[in-house]
Amino acid sequence: MIGDVESAKVVFGAHYDTAAALPIPNLLFPKNPLLFVLCQFLIVVPMIFFMLAVGITVFQEENISYFAESICRLCDIMEEEEEEYEKGNRLGDN
């Protein structure tokens, strides 16, 4: 600092923010909504596969992880609902 802050006519200030030391760089995302969603998937999908791989490895005696089993159950529920919907549409067409 140079001079007296209290008697100065003009005071210049500056701020320099040092980024945290992380193993990955700061992530910048595009403003385009489609590309933004794509970037989000590129981050999330590998995490999901990692969780599946770890879960299947850790719970090998059960032959499937809780996460993978939940995904399978969700797919089964969705498939059953789709079949019921199609069956209802076929009955309504007659």
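Note: the structure precedes this text.
Residues numbered from 1 in each chain as written. Predicted model: local features only at pLDDT ≥ 70, side-chain atom pairs only at ≥ 80, totals over all residues. Heavy atoms only, no water.

1. Topic: the overall build of the protein
Counting its regular elements, the protein contains two helices and zero strands. Put simply, the protein has 94 residues, and 3% of those count as buried. Accessible surface for the protein amounts to roughly 9,300 Å². Of this, 64% is attributable to carbon and sulfur atoms. (Helix = DSSP H or I, 4+ residues; strand = E, 2+ residues; numbered from the N terminus. Buried < 20%, exposed > 50% of the residue type's maximum accessible area, 1.4 Å probe, protein only. Areas by Shrake-Rupley, 256 points an atom, 1.4 Å probe, with all protein chains shown as cover.)

2. Brief notes about a negative patch on the surface
Together, Asp-76, Glu-79, Glu-80, Glu-81, Glu-82, Glu-83, Glu-84 and Glu-86 give the surface a local cluster of negative charge. Within the secondary structure, Glu-81 sits in helix H2 (residues 66-93). (Patch = residues over 30% accessible without salt bridge, like charges linked within 9 Å, V, L, I, M, F, W, Y side chains within 5 Å. Salt bridge = Lys/Arg side-chain N within 4 Å of Asp/Glu carboxyl O. Lys, Arg positive; Asp, Glu negative; His and termini not counted. Charge placed at Lys NZ, Arg CZ, Asp CG, Glu CD.)

3. Regarding a nonpolar patch on the surface
On the surface, Phe-29, Phe-36, Val-37, Phe-41, Val-45 and Phe-49 cluster together into a nonpolar patch covering about 540 Å² of accessible area. Relative to the helices and strands, Phe-29 is located in the segment before helix H1 (33-58).

4. Some details on the environment of Leu-28
Within the secondary structure, Leu-28 sits in the segment before H1. On the basis of relative accessibility, which here comes to 79%, the residue Leu-28 falls in the exposed class. For the pair Leu-28 and Cys-39, spaced 11 residues apart in sequence, the C-alpha separation works out to 9.7 Å.

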